[in-house]
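Residue strings, one per chain:
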Amino acid sequence: MTQIFAHRGYSALFAENTMSAFLEAEKAGADGLELDVQLTRDGEIVVIHDEKVDRTTNGHGFVKDFSYKEISRLNANKKGIKKEPIPSLIEVFEWLKTNQLICNIEMKNGLFPYEGMEKKVIDLIRKYELSNRIIISSFNHYSIVNSYRLAPEIETAPLFLEAIYMPWIYSQSIRAKGIHPKHSSIPDHIISTTLDNGIAVRPYTVNREVDLKRLFRLKCTAVITDNPVKALKIKKQY
Ligand code: G3P
Ligand code: CA
């Protein structure tokens, strides 16, 4: 059965990458969450998509230039009424211990390398004993290789924007157990052959009914969607 992963939480209805979006995804019945992490100036792992805080909060500037204390004062629910802070990964892990959700952590270390980020994230995963419920992904495939080197017990999955030739061979070569492709870049036969080779396929970001139906029909391992309620409803037909 294809699992439903809530992209940045239940971001279709709630402010992305906030505790509300994560809680609502769980309430909706999602199997997992996808979230993005960056590092503050003082090395705290925070959950935010962009390198800058401008789009999603009432602040300005790069995440890497804020201390954790400074960044935690910002409001990540710009359009809503209730103030929502940017969560730390610790906060998310404290909550994850109270449920059974799978958590896909995307390391946003493409633009800034965030020295030591993989180790920090992995140390925290181990501290909270969440290794068997975490999937580390990144567009930075060096980071995927490094994560596996540091923690072979934690599943990894490279992210792809473009189509890739024989992704099952590539992922095996970097010891990744899955791939996270852009859904529109991966044709049916590549999905099927990748799955047949024992590699998980979790396409992102799948919001349209027609696209969800294609991926359910192909029995993808999971879909990463902004709207878990819609995806779960459509999944019932499969
Ligand atoms: O993990 C899949 C997806 O989140 C990657 O793209 O830009 O939404 O982080 P983006
Ligand atoms: Ca992401």
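Note that the structure is a prediction, hence the values are computed from the model and not measured.

Rules used throughout
Positions within a chain are numbered from 1, following the residues in the order the chain's sequence is written. To label them, take the chains in the order written and letter them from A, then take the ligands in the order written and number them from 1. For a predicted model such as this one, the threshold for reporting local features is a pLDDT of at least 70, and the threshold for listing and counting side-chain atom pairs is 80 or more; totals across whole chains, interfaces and linings nevertheless cover every residue. Angles shown run from 0 to 180 degrees and are taken between the N-to-C directions of axes, each axis being a line fitted to C-alpha atoms and, for helices, limited to the stretch in contact. Secondary structure elements follow DSSP: runs of H or I no shorter than four residues count as helices, runs of E no shorter than two count as strands, and numbering proceeds from the N terminus. These descriptions rest on fixed angle ranges, namely under 35 degrees for roughly parallel, over 145 for roughly antiparallel, 65 to 115 for roughly perpendicular, and the rest for oblique. Take the far helix as your reference; a near helix turned counterclockwise from it by less than a right angle gives a left-handed crossing, and one turned clockwise gives a right-handed crossing. Contacts are defined on C-beta atoms placed from the backbone: any two residues whose C-beta positions lie within 7 Å are in contact. Here, nearness is defined through the C-beta atom: a residue counts as near a molecule or strand if that backbone-placed atom lies within 6 Å of it. Each residue is assigned to one of three groups, with Ala, Val, Leu, Ile, Met, Phe, Trp, Tyr, Cys and Pro labelled nonpolar, Asp, Glu, Lys and Arg labelled charged, and all others, Gly among them, labelled polar. UniProt positions are given in the numbering used here, feature names are shortened, and annotations may be inferred rather than shown by experiment. Whether a residue is buried, exposed or partly exposed is read from the other C-beta atoms within 10 Å of its own C-beta, which are placed from the backbone; 20 or more gives buried, 12 or fewer gives exposed, and intermediate counts give partly exposed. For two strands to count as paired, DSSP must find a minimum of two bridges between them. The definition of a right-handed crossover adopted here requires that, viewed with the strands pointing away, the path from the first strand over the helix to the second runs clockwise. Residues enter a nonpolar core if they are buried, belong to Ala, Val, Leu, Ile, Met, Phe, Trp, Tyr or Cys, and are joined to the set through C-beta atoms within 7 Å. Note: the arc covers the axis-to-C-beta directions of the helix.

Enquirer: With reference to specific residues and values, describe the packing of helix H8 (residues 209-217) against helix H9 (residues 228-235).
Expert: Packing of H8 against H9 leaves a shortest axis separation of 10 Å and a crossing angle of 55°. If you check the angle between H8 and H9, you find them oblique. With respect to the hand of their crossing, H8 and H9 are arranged in right-handed fashion. Residues Glu209, Leu212, Lys213 and Phe216 of H8 form the contact with H9, whose own contacting residues are Ala231, Ile234 and Lys235.

Enquirer: Please set out the site of ligand 1 residue by residue, giving values where relevant.
Expert: Taken together, His7, Glu34, Asp36, His49, Glu106, Ser137, Leu159, His180, Tyr204, Thr205 and Ile224 form the complete shell of residues around ligand 1. Grouping the constituent residues of the shell around ligand 1 by class yields 3 nonpolar, 5 polar and 3 charged.

Enquirer: Requested: an account of the UniProt feature "domain: GP-PDE" (unreviewed entry) in the protein, with residues and values cited.
Expert: With numbering aligned to this structure, UniProt lists the feature "domain: GP-PDE" (unreviewed entry) at residues 2-235. Secondary structure content for residues 2-235 is 32% helix and 18% strand, and the end C-alpha separation is 8 Å.

Enquirer: Can you explain the pairing of strand S4 (residues 102-107)? Please cite residues and give values.
Expert: Across the 6 residues of S4, 5 count as buried, placing the element largely inside the fold. As judged from the 4 bridges shared by S4 and strand S5 (residues 134-138), these two strands associate in the parallel manner. Note on S5: the bridge partner recorded for Cys103 is Ile134. Running through helix H4 (residues 117-127), the crossover from S4 to the neighbouring parallel element S5 is right-handed.

Enquirer: Which residues make up the nonpolar core, and what are the values?
Expert: One finds Val37, Val121 and Val223 to be the most contacted residues of the largest nonpolar core, which totals 60 residues. If we skip the residues at most four places from it in the chain, Val121 touches Val37, Ile45, Leu89, Ile105 and Met107.

Enquirer: Pulling in residues and values, what's your account of the packing of H4 against helix H5 (residues 141-150)?
Expert: For the pair H4 and H5, interaxial distance at closest approach is 10 Å and the crossing angle is 45°. Comparing their axes, H5 and H4 come out oblique. Relative to H5, the crossing made by H4 is right-handed. For the pair H4 and H5, the contacting residues are Glu118, Lys119 and Ile122 in the first and Ser143, Asn146, Ser147 and Leu150 in the second.

Enquirer: Before we move on, could you go through H4 and cite the residues and values that matter?
Expert: Listing the buried residues of H4 in full gives Met117, Glu118, Val121, Ile122 and Ile125. Buried residues in H4, looked at end-on, bunch into an arc of 120°, giving them a common side. Looking at the buried side of H4, the elements it contacts are strand S2 (32-39), strand S3 (45-47), helix H3 (89-96), S4, S5 and H5. Looking one or two places after H4, you find Glu129, whose phi comes out positive at around 50°.

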